[in-house]
Amino acid sequence: MTTTATPAFTFRPVDPLQDAALLHGWVTHPKAAYWMMQDARPADVERAYLEIQADEHHHALLGVGADGEPAFLMEYYDPAHRELVGLYEPEPGDVGMHFLTPATEAPVHGFTKAVITAVVGRLFEDPAARRIVVEPDVRNTAVHALNEAVGFVPVREIQKPEKKALLSYCTRERFERAVAAV
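Every value quoted in this text rests on a predicted model; they were computed, and no experiment measured them. (Residues numbered from 1 in each chain as written. Predicted model: local features only at pLDDT ≥ 70, side-chain atom pairs only at ≥ 80, totals over all residues. Heavy atoms only, no water.)

*Asks:* Explain unusual backbone geometry to me, please; I cannot follow it from the model alone.
*Replies:* Working note: non-glycine residues mostly have negative phi, and peptide bonds are mostly trans. Phi at Met 36 is positive, roughly 60°, even though this residue is not glycine. Of note, Met 36 is situated in the loop between helix H1 (16-27) and helix H2 (42-54). Residue Glu 83 is not a glycine yet carries a positive backbone phi of 65°. If you trace the backbone, Glu 83 turns up in the loop between strand E4 (70-77) and strand E5 (94-100). (Helix = DSSP H or I, 4+ residues; strand = E, 2+ residues; numbered from the N terminus.)

What follows is the structure, encoded as structure tokens:
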């Protein structure tokens, strides 16, 4: 059975030492196959998020639900320095983004769309952010549909070292139109 809800979220930085066990369960679950950490040990997850914490061009946040519990993971990065270097022509104000909702036995209808809406909205809170850039695996059709629902436009396929990805962009204006249309 699924329930319907439109949750409100707050965000806090990932604390690699405190959050590694939680994140390990999320990123190694079969549902998170596109996160590419299936074989990670808890220490690997802790190390990965310590590296992100120390990186001026990459950041990780937990989305926290109204109950105060972590509800999802988001990462954002400067694509001129991380992830997409040499794979596209970055523009001023570009922000790269990833998000992960954990597997659950009690899915909530509309939850993942609420998450991506909150993530993109959070990134556009920064007036310097002009365009959100994503590069999900070309096979991840579920996330492509979510991206389109909040205003992303597919640009082209690119070959990253770890995957073939669908490069897509979302401007503030497209996001606002998509959210207003709901």
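*Asks:* Before we go on, may I ask you to explain the pattern of salt bridges in this structure?
*Replies:* Pairs may arise between side chains of opposite charge once their charged atoms sit close together. Taken as a whole and assessed by the stated rule, the structure comprises 12 salt bridges. In the salt-bridge network here, residues are joined through shared partners; they are Glu 83, Glu 135, Lys 160, Glu 162 and Lys 163. (Salt bridge = Lys/Arg side-chain N within 4 Å of Asp/Glu carboxyl O.)

*Asks:* Would you take a moment to explain helix H3 (residues 111-124) for this structure?
*Replies:* Spacing of three or four residues puts side chains on the same side of an α-helix, whose turn is 3.6 residues. Given a rise of 1.5 Å per residue, 14 residues ought to cover 20 Å, and the 20 Å separating the end C-alpha atoms of H3 matches this to within 8%. Taken together, the buried positions of H3 are Phe 111, Ala 114, Val 115, Ile 116, Ala 118, Val 119, Val 120, Leu 123 and Phe 124. (Expected span 1.5 Å × (residues − 1). Buried < 20%, exposed > 50% of the residue type's maximum accessible area, 1.4 Å probe, protein only.)

*Asks:* Teacher, can you tell me more about the environment of Tyr 34 here?
*Replies:* By the element assignment, Tyr 34 lies in the loop between H1 and H2. With 66 residues separating them in the primary sequence, Tyr 34 and Leu 100 have C-alpha atoms 9.5 Å apart. For Tyr 34, the residues in contact, after removing those within four places along its chain, are Asp 137, Arg 139 and Asn 140. (Contact = heavy atoms within 4.5 Å.)

*Asks:* Just to check I follow, could you spell out the environment of Leu 61 for this structure?
*Replies:* Along the chain, the position of Leu 61 falls in strand E3 (residues 58-64). Residue Leu 61 is classed as buried on the basis of its relative accessible area of 6%. Those residues in contact with Leu 61 that lie beyond four places of it in its chain are Phe 11, Arg 12, Pro 13, Val 14, Phe 72, Leu 73, Met 74, Tyr 76 and Arg 122.

*Asks:* Whenever I open this one, the environment of Thr 141 confuses me. Can you help?
*Replies:* Structurally, Thr 141 is set in helix H4 (residues 141-149). Separated by 43 residues in the primary sequence, Thr 141 and His 98 have C-alpha atoms spaced 15 Å apart.

*Asks:* Explain the packing of aromatic side chains to me, please; I cannot follow it from the model alone.
*Replies:* Working definition: an aromatic ring pair is given by the centre-to-centre distance plus the angle between the planes. In this structure the tally under the stated criterion is five aromatic pairs. Seen from their ring centres, Phe 11 and Phe 72 are 5.8 Å apart, and the 80° between their planes marks the pair as edge-to-face. Of this pair, Phe 11 sits in strand E2 (residues 10-13) while Phe 72 sits in strand E4, and the two are 61 residues apart along the sequence. In this structure Phe 11 comes out as partly exposed when scored by relative accessible area, which is 24%. A centroid spacing of 5.9 Å and a plane angle of 40° characterise the contact between Phe 124 and Phe 175, whose relative ring orientation is tilted. Of this pair, Phe 124 sits in helix H3 while Phe 175 sits in helix H5 (residues 172-180); the two residues are 51 residues apart in sequence, bridging distant segments of the chain. Given the relative accessible area of 9%, Phe 175 is considered buried. (Phe/Tyr/Trp six-rings, centres within 6.5 Å; stacked < 30°, edge-to-face > 60°.)

*Asks:* Help me out: how do you make sense of the pairing of strand E8 (residues 153-159) in this one?
*Replies:* The side chains of a regular strand alternate, first on one face of the sheet and then on the other. Bridge analysis of E8 against strand E9 (residues 164-171) gives six bridges, and the strand direction is antiparallel. Counted as the bridge partner of Glu 157 is Leu 166 from E9. Counting the residues in the hairpin turn of E8 and E9 gives four residues. (Pairing = 2+ DSSP bridges.)

*Asks:* Which parts of the structure should I look at to understand the packing of H3 against H4?
*Replies:* A pair of packed helices can be characterised by two numbers: the angle between their axes and the separation between those axes. Close contact between H3 and H4 brings their axes to 10 Å; oriented N to C, the two are set at 55°. The orientation of H3 with respect to H4, classified from their angle, is oblique. H3 and H4 meet at a crossing whose hand is right-handed. Contacts between H3 and H4 involve Thr 112, Lys 113 and Ile 116 on the former and, on the latter, Leu 146, Asn 147 and Ala 149. A class-by-class count of the residues in the contact of H3 with H4 yields three nonpolar, two polar and one charged. (Axes fitted to C-alpha atoms, helices over the stretch in contact; angles between N-to-C directions. Parallel < 35°, antiparallel > 145°, perpendicular 65-115°, else oblique. Left-handed = near helix turned anticlockwise from the far one by under 90°. Nonpolar A, V, L, I, M, F, W, Y, C, P; charged D, E, K, R; others polar.)

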